Amino acid sequence: MVTPPAPPRSTPLRPVVRRVQSARPADDGFSVASTLQTVLSIAVLIATLFTMWNPANLFTNNLLDQVFLNYTPIDQTTSVEVQTSDTNAGARIGIVIGHYSTDPDWFDPGAVCADGLTEVEVNYAIASLVQQRLVSMGYTVDLLQEFDTRLDGYEATLLVSIHNDSCEYGGDDLTGFKAASSMANPHPEDSQRLVQCLIDRYGTLTGLPFHYNTITDDMRSYHAFDEVGSNTVSAIIETGFLNLDRDFLTSHTDIVAEGIVQGILCYLRNEAITTQTTPVP
């Protein structure tokens, strides 16, 4: 029997070691040098430009202004309207609807126009909007009738009675509004400030002039002034004449009401009075 030859002994395997080049570019040193050279070149170029030319020669003034404006950071916290602190937040406010009454034995509509429009209708519309606006801001607001029984000793931070003037034409100068406080008030400075706030804000918002020379003693001795509590600061406002100012009063009642609201807020928040008005006689 012939024995097959043994397979030849193989040569032990040796690991093949290959030199693997680094992943870094071969020109790494050249890249750093190139970058530094570029930076230095740019710096030299900028220095040369500023040496050779004044910026005023490169840009117009307007363009420079625009450039600086575009790079001016905007303060996102800036408020458009700055308000003072409301130390009377949640205060009680009384609003009298001039001439309004639910008493069937007492009826006085105030001024009556030729077409039947009455002062009390206009007063009611304005007063209702004033109440709604102030209530939405967190105040307690009482809508009061002309001779409301609650007026006797009424205690509130302030009270404003809303009225309007005659429907009769009395000349082209009978346009505008009036405001007044009591002739004998235990807190005359507070009452005068409320009046000045009403004059300032109402005049600003409505654009109507302050018709100071037609303020009467009847306004300054308004009955409610003597009925409310001694600590209730009170004022009366006639928002316009139902002749020349009628269209504005009836078509822009929201603005009329807002003028009164802003006057009240001016007082409550102790805001600055921004316009000068003729002193109330």
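Whatever comes next refers back to the structure up there.
Report follows, based on the coordinates. (Residues numbered from 1 in each chain as written. Predicted model: local features only at pLDDT ≥ 70, side-chain atom pairs only at ≥ 80, totals over all residues. Heavy atoms only, no water.)

Quick notes on the pattern of salt bridges
And step 1. Per the counting criterion, the structure on display carries 10 salt bridges.
And step 2. Two residues, D115 and R246, come together in a salt bridge whose shortest N-O distance is 2.5 Å. With D115 in the loop between β1 (92–97) and α4 (119–136) and R246 in helix α8 (residues 246–251), the pair connects residues that are 131 residues apart, well separated along the chain.
And step 3. R201 is the partner of E271 in a salt bridge, and the nearest nitrogen-oxygen pair spans 2.9 Å. (Salt bridge = Lys/Arg side-chain N within 4 Å of Asp/Glu carboxyl O. Helix = DSSP H or I, 4+ residues; strand = E, 2+ residues; numbered from the N terminus.)

Considerations on the packing of aromatic side chains
And step 1. One pass over the structure, following the stated rule, counts 6 aromatic pairs.
And step 2. The rings of F177, Y202, F210 and Y212 are connected pair by pair, giving a single aromatic cluster. (Phe/Tyr/Trp six-rings, centres within 6.5 Å; stacked < 30°, edge-to-face > 60°.)

Comments concerning the nonpolar core
And step 1. V130 and I264 are the most contacted members of the largest nonpolar core, which totals 57 residues.
And step 2. Among the elements that line this core, the one with the most residues is helix α9 (residues 253–268), at 9 residues.
And step 3. Every residue in contact with V130, bar those within four places of it in the chain, is listed here: I95, I162, A257, I260, V261 and I264. (Core = buried A, V, L, I, M, F, W, Y, C linked by side-chain atoms within 4.5 Å. Buried < 20%, exposed > 50% of the residue type's maximum accessible area, 1.4 Å probe, protein only. Contact = heavy atoms within 4.5 Å.)

What to know about the environment of D148
And step 1. Counting through the fold element by element, D148 comes out in the loop between β2 (140–144) and β3 (158–165).
And step 2. Put simply, D148 and Y100 are 48 residues apart on the chain and 9.3 Å apart in space, counted from C-alpha to C-alpha.
And step 3. Engagement of the side chain of D148 in a polar contact is seen with the backbone nitrogen of Q145, the distance being 3.1 Å.
And step 4. In terms of polar contacts, D148 uses its side chain to reach the backbone amide nitrogen of R150, at 2.9 Å. (Polar contact = N/O pair within 3.5 Å; in protein donor to acceptor, adjacent residues only side chain to side chain.)

Notes on the environment of T118
And step 1. Of note, T118 is situated in the loop between β1 and α4.
And step 2. A sequence separation of 46 residues divides T118 from N164, and the C-alpha atoms of the two residues are 9.7 Å apart.
And step 3. In contact with T118, other than residues within four places in its own chain, are P109, A111 and V112.
And step 4. In terms of polar contacts, T118 uses its side chain to reach the side chain of E121, at 2.9 Å.

Function cannot be read off these values alone, since they describe shape.
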